[in-house]
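Understanding the architecture of this molecule
Below are the chains, spelled out letter by letter.
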Amino acid sequence: MAGIITRLATTADISAAAAVHIASCLDTYREFVSEEVHRTVLPANLKAIWAAETLSDGDFVMLAEEAGMVVALATARDRQVPYIDHFHVSPARKGQGIGRLLMRALIAEILRRGQTSMYLDYIEGNAVAEGFYRAMGGEIGERIEGDLFGTPVRARTVTWPDLRVVMI
């Protein structure tokens with residue numbers, strides 16, 4: 001995709017990554033929470049999460065940017081199997097192939113670090129996310145009970161058991 005680059009984030013990128021994450025969550029999660037939670041709790045909690053963000057050894061944030069502006073991010077947490085804590089594309093840029101490019105970069109970095117699988121969770125009923133993760137080679141797994149800042153949600157786990165064979 002011309003003009004889009006992917007790279008690992010630095011501490012200087014945290015506020016730009018946070019802005020994309022917050023905008024994407026507000027866009028995506030509107031239908032899953034009450035108006036009150038959407039208007040007040042969700043943005044306040046997301047801002048607090050990013051204000052306190054400290055990446056542990058092995059954690060990383062992968063960015064997609066265009067003309068120096070962050071347009072997507074993925075946060076990987078170093079666990080026995082890497083956990084993708086955030087995977088978000090700016091609402092204005094969804095459907096343009098940026099997520100696919102970011103997923104490729106994310107997988108390449110996980111493989112470079114010696115891991116061969118990963119997983120994430122998404123809110124059940126988010127058909128766009130489910131379709132994207134399936135298209136990216138993910139296997140939709142078990143239902144889990146989740147919590148979105150005090151709102152109970154049903155979620156699904158997506159796994160990529162062997163990233164070496166994912167063809168995206």
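See the structure printed just above.
I will try to describe carefully the structure that is included in this document. In this text, all values refer to a predicted model and were calculated from it rather than measured experimentally.

Observations concerning the layout of surface pockets
Computed from the structure, the largest pocket encloses a volume of approximately 1,000 Å³. Lining the largest pocket are 44 residues, with Y29, F87, H88, N126 and Y133 sitting closest to its centre. For the lining of the largest pocket, the elements supplying multiple residues, two or more each, are α1 (14–28), α2 (35–51), β4 (83–89), α3 (98–112), β5 (118–123), α4 (127–135), β6 (139–148) and β7 (151–160). Ranked by residues supplied to the lining of the largest pocket, first place goes to β4 with seven residues. Taken together, the residues of the lining of the largest pocket break down into 24 nonpolar, 12 polar and eight charged.

Some thoughts on the packing of α3 against α4
Viewed as axis vectors pointing N to C, α3 and α4 meet at an angle of 50 degrees, and their least axial separation amounts to 11 Å. One finds that α3 runs oblique with respect to α4. Here the hand of the crossing between α3 and α4 comes out right-handed. Every residue of α4 that contacts α3 at G99, R100 and M103 is listed here: F132, Y133 and A135. Of the residues in the contact of α3 with α4, the class split is four nonpolar, one polar and one charged.

Each value, and the rule that gives it
Residue indices follow the written sequence of each chain, beginning from 1 at its first position. Totals for whole chains, interfaces and linings use every residue, but because this is a predicted model, local features are given only for residues with pLDDT of at least 70 and side-chain atom pairs only at 80 or more, for both listing and counting. Processing note: side-chain calculations cover all non-hydrogen atoms of the structure and skip hydrogens and water entirely. Both cavities and pockets are sets of points on a 1 Å grid over the protein atoms alone; in a cavity a 1.4 Å probe fits but cannot get out, in a pocket the set is open with protein on both sides within 12 Å along at least five of seven lines, and lining residues sit with an atom within 4 Å of a point. Grid points are joined across faces, edges and corners, and a volume is the space filled by probe spheres set on the points. Here a strand is any run of E in DSSP of at least two residues, a helix any run of H or I of at least four, and the numbering for each starts at the N terminus. Think of it as three bins: nonpolar holds Ala, Val, Leu, Ile, Met, Phe, Trp, Tyr, Cys and Pro, charged holds Asp, Glu, Lys and Arg, and polar takes everything else, Gly as well. Axis lines are fitted to C-alpha atoms, over the contacting stretch for helices. Their N-to-C directions set the angle, which ranges from 0 to 180 degrees. Roughly parallel here means an angle under 35 degrees, roughly antiparallel means over 145, roughly perpendicular means 65 to 115, and every remaining angle is called oblique. By convention, the crossing between two helices is left-handed when the near helix turns anticlockwise from the far helix through less than a right angle, and right-handed when the turn is clockwise. Residue contacts are counted whenever heavy atoms from the two residues lie within 4.5 Å of one another.

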